[in-house]
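Survey of secondary and tertiary structure
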Amino acid sequence: MERQRLDKVIASSGKFSRREVKQLVRQGRILVDGAPACSGEEKVDPEAAEILVDGERLCYRRYTWVMLNKPAGVLSATEDGRGKTVLDLLPEELRRQSLFPVGRLDKDTEGLLLLTNEGRLAHDLLSPRHHVDKVYYARTSGCLTEEDRRAFAGGMTLGDGLQCLPAGLEILSAGTEGSEALVTLREGKFHQVKRMLAARGKPVLYLKRLRMGNLTLDSALGPGEYRYLTEEERSILQNLENKTDEIQMLPKKGRDFC
Ligand code: URA
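These remarks concern the structure in this document.

Here is what the cut-offs are and how they apply
Every chain is numbered independently, its residues counted from 1 as its sequence is written. With the structure being a predicted model, the display of local features is reserved for residues of pLDDT at least 70 and the display and counting of side-chain atom pairs for 80 or more, all residues being used for whole-chain, interface and lining totals. Water and hydrogen atoms were dropped before computing side-chain values, which therefore reflect all heavy atoms in the structure. Strands are runs of DSSP state E lasting at least 2 residues, helices are runs of H or I lasting at least 4, and numbering of each runs from the N terminus. Accessible area is worked out with a 1.4 Å probe on protein chains only. A residue is then buried under 20% of its type maximum, exposed over 50%, and partly exposed in between. Areas reported here follow the Shrake-Rupley algorithm with a probe of radius 1.4 Å; residue values treat only the protein chains shown as occluding. All tallies of charge rest on Lys and Arg as positive and Asp and Glu as negative; His and the ends of each chain are not included. For this analysis, a salt bridge means a side-chain nitrogen from Lys or Arg found within 4 Å of a carboxyl oxygen belonging to Asp or Glu. As used in this structure description, the phrase polar contact means that two N or O atoms lie within 3.5 Å; if the pair is within protein, one of them must be able to donate a hydrogen and the other to accept it, and residues adjacent in sequence are counted only when both atoms belong to side chains. Only heavy atoms enter the contact rule, under which two residues are in contact if any of them lie within 4.5 Å. Should DSSP find at least two bridges between two strands, the strands are taken to pair. Note on ring pairs: Phe, Tyr and Trp rings are taken, using the six-membered ring of Trp, and paired if centres are within 6.5 Å. Classes follow the plane angle, with under 30 degrees stacked, over 60 edge-to-face and the rest tilted. Criterion for a charge above a ring: Arg CZ or Lys NZ at most 6 Å from the ring centre, at most 35 degrees from the ring normal. Throughout, the term near means that a residue has one or more heavy atoms lying within 4 Å of the molecule or strand in question. Both cavities and pockets are sets of points on a 1 Å grid over the protein atoms alone; in a cavity a 1.4 Å probe fits but cannot get out, in a pocket the set is open with protein on both sides within 12 Å along at least five of seven lines, and lining residues sit with an atom within 4 Å of a point. More than half of a molecule's atoms lying within 2 Å of a cavity's or pocket's grid points is what places that molecule inside it. Following the grouping adopted for this structure description, the nonpolar residues are Ala, Val, Leu, Ile, Met, Phe, Trp, Tyr, Cys and Pro, the charged ones are Asp, Glu, Lys and Arg, and the polar ones are all others, Gly among them. Here the limits of each domain have been adopted from an automatic or database domain assignment. Grid points are joined across faces, edges and corners, and a volume is the space filled by probe spheres set on the points.

1. Describing the overall build of the protein
Helix and strand content of the protein: 7 helices and 15 strands. The principal-axis extent of the C-alpha atoms belonging to the protein is close to 70 × 35 × 35 Å. Of all 258 residues assigned to the protein, the portion counted as buried reaches 49%. About 13,200 Å² of surface is accessible on the protein, with carbon and sulfur atoms providing 48% of the total.

This is how it looks when you write it as structure tokens:
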């Protein structure tokens, strides 16, 4: 692999900023192939070199993956003159890694948003061809019914002609004051959950994404908080496609709505 600056390689782990690496080098706390590093500017092959920080082997990753619990009021964009973006919620070290959101959530939608700099896999996760279900918790006005569930399952055609793929609607509670449901989509058209529910006369009052494929939003993350994906989650990502053509509903243990 192409040789890169040591400080860049270490910073890409997300644990240290380049400035911190400089200090670690000065303090002799970084070993490269057994010898103390002389400078953050020295070039190393990140895949071949053994890099130890305080005796701990650095796990080099070419790409970064982060799970964010997106709060309402923030745009799913890398930059936008109109307001705060999800990138503004991340620290400097991550902002420097050219991360972008994997798909979009509306400004007022909360929940699971992945950010990465791995373009090909991000593209696959979003492609309807790859059958990655997205599960949303929705609170609506009006009373959701079995008829609504059947309309979702049958593949709705919206008023503007948009043909939707069959989708899941699991009604959690329903009454004249409003309803709660889990909506499962296999595609991600503009405002799709809101448009489908509005077309049934049950407009969305609150929306949160809980899951993408087998990856569930970490319930320990408060709104605006993020964390790196674990090794296990990264391997799940490589294999995110559903193994069935059926829409998968969220298992009970993975439910954490709002
Ligand atoms: N569907 C919507 O309507 N909004 C979102 O943010 C995501 C899915």
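Now that the structure is up, let's keep going.
2. Comments concerning the side chain of R209
Here R209 shows up in strand 13 (residues 204-212). The charged side chain of R209 is buried without a salt bridge, its nearest counter-charge being D106 at 9.5 Å. A polar atom in the side chain of R209 sits 3.3 Å from the side chain of Y136. Look past the residues within four positions of R209 in its chain and what remains in contact with it is V102, L105, E110, G111, L112, L113, K134, V135, Y136 and L217.

3. Considerations on the sheet that holds strand 6 (residues 56-57)
Here we have 4 strands laid out as an open sheet, ordered 3-2-5-6, and antiparallel in their pairing. Only two strands of the sheet have a single neighbouring strand rather than two, namely strand 3 (35-36) and strand 6. With 3 bridges connecting them, strand 2 (residues 30-32) and strand 5 (residues 51-53) associate as antiparallel partners. Within the sheet, the bridge partner assigned to V32 lies in strand 5 and is I51.

4. With respect to the packing of aromatic side chains
Applying the stated criterion to the full structure yields 1 aromatic pair. On the numbers, 6.0 Å between centres and 65° between planes, the contact of Y137 with Y206 is edge-to-face. Of this pair, Y137 sits in strand 10 (residues 134-140) while Y206 sits in strand 13, and the two are 69 residues apart along the sequence. Y206 shares its class with Y137; the two are buried. One Lys or Arg, R139, reaches over the ring of Y206 and ends 4.7 Å from the middle of that ring.

5. Quick word on the pattern of salt bridges
Following the criterion strictly, the structure yields 19 salt bridges and no others. The partner of R96 in a salt bridge is E92, with the nearest N and O atoms 3.5 Å apart. With relative accessibility at 43%, the residue R96 sits in the partly exposed group. Between R195 and D160 there is a salt bridge; the shortest N-O distance is 2.5 Å. One end of the pair, R195, is in helix 6 (residues 192-199); the other, D160, is in the loop between helix 5 (146-154) and strand 11 (168-175), and 35 residues separate them in sequence. Each of E147, D148, R200 and K202 takes part in one network of salt bridges that share partners.

6. Overview of the site of the ligand
Lining the immediate surroundings of the ligand are L105, D106, T109, Y136, H191, Q192, V193, K194 and L207. K194 is positioned such that a nitrogen or oxygen atom in its backbone is 3.0 Å from an oxygen atom of the ligand. Protein coverage of the free-state accessible area of the ligand, which is 230 Å², stands at 95%. More than half of the atoms belonging to the ligand lie within 2 Å of the grid points that define the largest pocket. In terms of residue count, helix 6 provides more of the shell around the ligand than any other element does, 3 residues in total. Partitioning the shell around the ligand into residue classes produces 4 nonpolar, 3 polar and 2 charged. Here the shell around the ligand spans two domains, and each of domain 2 (65-130 + 216-254) and domain 3 (134-212) adds at least three residues to it.

7. Notes on the layout of surface pockets
Using a probe with the size of a water molecule, rolled over the atoms, empty space left in the structure can be pinpointed. By volume, the largest pocket amounts to about 520 Å³. If you trace the largest pocket, you find 25 residues lining it, with R104, L105, D106, G188 and K189 closest to the centre. At the level of elements, strand 10, helix 6 and strand 13 are the ones that each hand at least two residues to the lining of the largest pocket. With 3 residues, the single largest contributor to the lining of the largest pocket is helix 6.

8. What to know about unusual backbone geometry
The backbone of S98 shows a phi angle near 55°, a positive value even though the residue is not glycine. Looking at where S98 falls in the secondary structure, it is placed in the loop between helix 3 (92-95) and strand 8 (100-101). According to the relative accessible area criterion, S98 is exposed, its value standing at 55%. Phi at H191 takes a positive value of approximately 50°, unusual for a residue other than glycine. Relative to the elements of secondary structure, H191 occurs in the loop between strand 12 (178-185) and helix 6.

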